[in-house]
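Understanding the architecture of this molecule
Each chain, letter by letter, is given below.
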Amino acid sequence: MADDVTTSSSVAASPASSSPQTGPAILPPRVAGPARAGRRKTGVASWRKRAEIAFFVAPALVLFFMFVVWPIITAVQISMFKWKGIGPMVDFVGLANYVSVLQNSLFTDAIVHNFIIVIASIVIQLPLGLGIALLLNRKMWGQGLLRTLIFVPYVLAEVVAGVVWRQLLVPRYGGIDAIARALHIPTPEQGFLGTPDLALATVIFVLTWKYLGLAVILFLAGLQGVPEDLYEAAQLDGASWWQVQRKITVPLLGPTVRTWAFLSMIGALQVFDMVWILTGGGPVNRTSTMATFLIYQGTKSQQFGIASAASVILFVIALVLAVLYQQTILRRDTHPDQPRRKKKVK
Amino acid sequence: MSAPTLTPAATATPVRRSRRFTMKPSTAVVYFIALIVVGFTLGPVIYGVLSGFRTNAQIAENPAGFPSPFVFFNYTGVLTNPSFWRYALNSTGIAVITTALVVICGVMAAYPLARYEFKYREGVFMVFVVGLLFPASVAIIPLFILITQNFHLGNTWIGIALPQAAFALPTTVVILRPFLQALPKELEEAAQLDGASRIGFFWRILLPLSGPGMVTVGVLAFVGSWNAYLLPLLLLGPQNKTLPLGVADFSSEHGSDTAGVFAFTSLAMIPALVFFLAMQKRIVNGLQGAVKG
């Protein structure tokens, strides 16, 4: 038993064993001495180890497979049937649901809206968040309080934030219109959320309000990882504050920014609560997203096959984008990062 | 917004060797911008809270005014409304069960993934990493069927908590694994020398030491459950609604009672805000961990 543990720990510490898939770690060829001495015992020990691993991992895996993996597989299955949710699924239609979803302009519009939200979130929140984070990244009075206050919208439920904003944006009687009136700024007759051409932009505005704080907090956290000596060295070389930010701080913030953009992208593809509360996808479906489309199909029209097909398409889009992002952009971070991480593990 | 204010400050300062503070945009500028940002983020929240202290007549007369006089009946009305307390109780119960499930299953799974060597380790870990991509909305309809028809858990706390915990697991494992990996190897060897088995090591040494990590993932799971809308919307009946559902329903049922809606919404915010203020460091650390992980 003790032998087994020491061998496995020495394997973990040696950087050469970075590919654990190559073989069972119980009998590593490199540390032959102790392993050979304890070979008679390793049968029992490895069996015991396997049981331990199973014991520890099983609850999580069961939960995960039962309530995440299995439902997703079921979604694929339902998506091939015409089914109203009652009785057995008998009406097999193959890929017809997919065809009908992809030909449905309501859904393709929803995809477009999702992508507009993805791009707008990054294009708006990245410069704003970065600018605010750079400005706040200094010793100043009330720093902790400021960070807390900026983060407040992120912690509120989307529903709660959405209800407040919906009240604020009520045409004529809402707070926003009142302020605009006082400033003699004209506002749309049907309100910002009721005017088809403005609704999506308004939703994006509210989403920016909700999630800008997250960007700022993450960027600030990333900035704390930039070593102080770099600033001092740049100072000695006569760099201005602006040059330091552009040439040193922002590039070093790269990994944080790229990961934030990834999270933001996945979130924007899945956005549901805020849209459902603010507009329900309207007016005339101008703010619908893939998620609102599929919930509408599933709950209001009981078209479970259609809804499931839409959900599978949403999942595939998210997966493809995630893999592409991983391969093209995040790869830069993970590869040079590996030696550093190893050191930390030791 | 910030770029134009930055550039003049930078160009105005000639490049010279000096302390770095002279190069920065002036403190006054920074405070001014910070004030605008805070106004933007807090404005709607403060507006909601203040409007709860007004009458509907006041709001109709001037939607953007201050309460004059302050009235309290909107808030007392909500606080004496038994539905509000039932929603709050449901939210709490569901969040507590979700958090407990996530933390227990998560730390157990993270332990072998962090500190054992075995063949499928990275494979199992990848399952959870890919799980980060699964939005609940994708699985929502099968989940609805699974929970209500197969398990007959529709309209129960546990019926919501189980899927919520399952969807929170990936984040939890991804945050906890590096945390457990960072605990020094020597601890394990010392425990081994003292005759502790690996399960003994887990119970007596690893669990107490990973307290901060577990609090972080616990807070994230709690806040996620507290704010959740979609799953409760589909699974919970009228008696078991959570606060977000209550807020949404109240605002559509009492649409004309603007002040009442604001009072209800403001009170529904409080638990999340208080919890956040108490746990702010942990939440931020956890998100940071997720980004780095």
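Residues numbered from 1 in each chain as written. Chains lettered and ligands numbered in written order. Predicted model: local features only at pLDDT ≥ 70, side-chain atom pairs only at ≥ 80, totals over all residues. Heavy atoms only, no water.

1. Focus: the overall build of chain A
Each helix and strand in chain A was counted, giving 15 helices and zero strands. Looking at the 346 residues of chain A, the share that counts as buried comes to 52%. Within the structure as shown, chain A displays about 16300 Å² of accessible surface, and the carbon and sulfur contribution to it stands at 66%. (Helix = DSSP H or I, 4+ residues; strand = E, 2+ residues; numbered from the N terminus. Buried < 20%, exposed > 50% of the residue type's maximum accessible area, 1.4 Å probe, protein only. Areas by Shrake-Rupley, 256 points an atom, 1.4 Å probe, with all protein chains shown as cover.)

2. What about the overall build of chain B?
Secondary structure summary: chain B contains 14 helices and zero strands in total. Start at the N end of chain B and walk to the C end: the helices and strands fall as α-α-α-α-α-α-α-α-α-α-α-α-α-α. Expressed as a percentage of its 293 residues, the buried residues of chain B come to 56%. Total accessible area on chain B stands at roughly 12300 Å², and carbon and sulfur atoms take up 70% of it.

3. A closer look at helix α10 (residues 228-236) of chain A
Residue and element names in this part refer to chain A. The complete set of buried residues in α10 reads Tyr231, Ala234 and Gln235. All buried residues of α10 lie within an arc of 105° about the axis, which places them on one face of the element. Looking at α10, the residues exposed on the side facing more than 90 degrees away from the buried face are Asp229 and Leu236. Gly238, located one to two residues past α10, shows a positive phi value of around 85°. (Arc of directions from axis to C-beta.)

4. A look at the interface of chain B and chain A
The partner chain A presents 112 residues to the 102 residues of chain B that form the contact. Contact between chain B and chain A buries roughly 9900 Å² in total, counting both sides, with carbon and sulfur atoms accounting for 77%. Counting the contacts that link chain B with chain A gives zero salt bridges. The tally of links from chain B across to chain A stands at eight residue pairs in polar contact (both at pLDDT 80 or more). (Contact = heavy atoms within 4.5 Å. Buried area = accessible area lost by both parts, 1.4 Å probe. Salt bridge = Lys/Arg side-chain N within 4 Å of Asp/Glu carboxyl O. Polar contact = N/O pair within 3.5 Å; in protein donor to acceptor, adjacent residues only side chain to side chain.)

5. Quick look at the environment of Met89(A)
Residue and element names in this part refer to chain A. Mapped onto the secondary structure, Met89 falls in the loop between α3 (39-78) and α4 (96-103). C-alpha of Met89 to C-alpha of Gln77: the two residues are 12 residues apart in sequence and 9.5 Å apart in space. Apart from residues no more than four positions distant in its own chain, Met89 is found in contact with Gln77, Ile78, Phe81 and Trp83.

6. A look at the packing of helix α6 (residues 121-131) of chain B against helix α8 (residues 157-182) of chain B
Residues and elements named next belong to chain B. For the pair α6 and α8, interaxial distance at closest approach is 7 Å and the crossing angle is 130°. Taken together, α6 and α8 sit at an angle that is classed as oblique. In this structure, the crossing between α6 and α8 has a hand that is left-handed. In this structure, α6 uses Arg121, Glu122, Phe125, Phe128, Val129 and Gly131 to contact α8, whose residues at the interface are Leu169, Pro170, Val173, Val174 and Arg177. Class assignment of the residues belonging to the contact of α6 with α8 gives a composition of seven nonpolar, one polar and three charged. (Axes fitted to C-alpha atoms, helices over the stretch in contact; angles between N-to-C directions. Parallel < 35°, antiparallel > 145°, perpendicular 65-115°, else oblique. Left-handed = near helix turned anticlockwise from the far one by under 90°. Nonpolar A, V, L, I, M, F, W, Y, C, P; charged D, E, K, R; others polar.)

7. Observations regarding the pattern of salt bridges
Residues and elements named next belong to chain A. If you walk through the whole model with that rule in mind, you get seven salt bridges over all chains. With its nearest N and O atoms 3.0 Å apart, the salt bridge here joins Arg48 to Glu52. Of this pair, Arg48 and Glu52 both sit in helix α3, separated by four residues, roughly a single helical turn. On the basis of relative accessible area, Glu52 is assigned to the buried category, the value being 4%. As a salt-bridge pair, Asp197 and Arg286 come within 2.8 Å of each other at their nearest N and O atoms.

8. Looking at unusual backbone geometry
All names here are of chain B. The phi torsion at His152 lies on the positive side, around 50°, for a residue other than glycine. Relative to the helices and strands, His152 is located in the loop between α7 (140-150) and α8. Using a relative accessible area of 62% as the deciding quantity, one classes His152 as exposed. Of note in this structure, Asn155 is not a glycine but carries a positive phi near 70°. If you trace the backbone, Asn155 turns up in the loop between α7 and α8. You can call Asn155 partly exposed: its relative accessible area is 27%.

9. Some words on the confidence of the model for chain A
Residue and element names in this part refer to chain A. Summarising the model, chain A shows a mean pLDDT of 79, and 84% of its residues fall at 70 or more. When the criterion is pLDDT under 50, residues 1-39 qualifies, and its contacts beyond four places in sequence or with other chains add up to 39 contacts. Taken as a whole, residues 337-346 scores under 50 in pLDDT and shows five contacts with residues more than four places along the chain or in a different chain. (pLDDT = per-residue confidence, 0-100.)

10. Some points on the packing of aromatic side chains
Tallied over the entire structure, the rule returns 31 aromatic pairs over all chains. When the ring of Phe55(A) is compared with that of Phe56(A), the centres are 5.3 Å apart and the planes differ by 65°; the resulting orientation is edge-to-face. Residue Phe56(A) is classed as buried on the basis of its relative accessible area of 0%. A ring pair is formed by Phe250(B) and Phe264(B), whose centres lie 4.5 Å apart and whose planes are at 20°; its orientation type is stacked. One end of the pair, Phe250(B), is in helix α13 (residues 243-253); the other, Phe264(B), is in helix α14 (residues 258-292), and 14 residues separate them in sequence. For the pair formed by Phe250(B) and Phe264(B), the shared burial category is buried. Every member of this aromatic cluster is reached through a ring pair, and the members are Phe55(A), Phe56(A), Tyr111(B), Tyr116(B), Phe201(B), Phe202(B) and Trp203(B). The ring of Tyr211(A) has Lys210(A) sitting right over it, with the charged end atom 4.9 Å from the ring centre. Above the plane of the ring of Phe125(B) lies Arg177(B), whose end atom (NZ or CZ) is 3.9 Å from the centre. (Phe/Tyr/Trp six-rings, centres within 6.5 Å; stacked < 30°, edge-to-face > 60°. Lys NZ or Arg CZ within 6 Å of the ring centre and 35° of its normal.)

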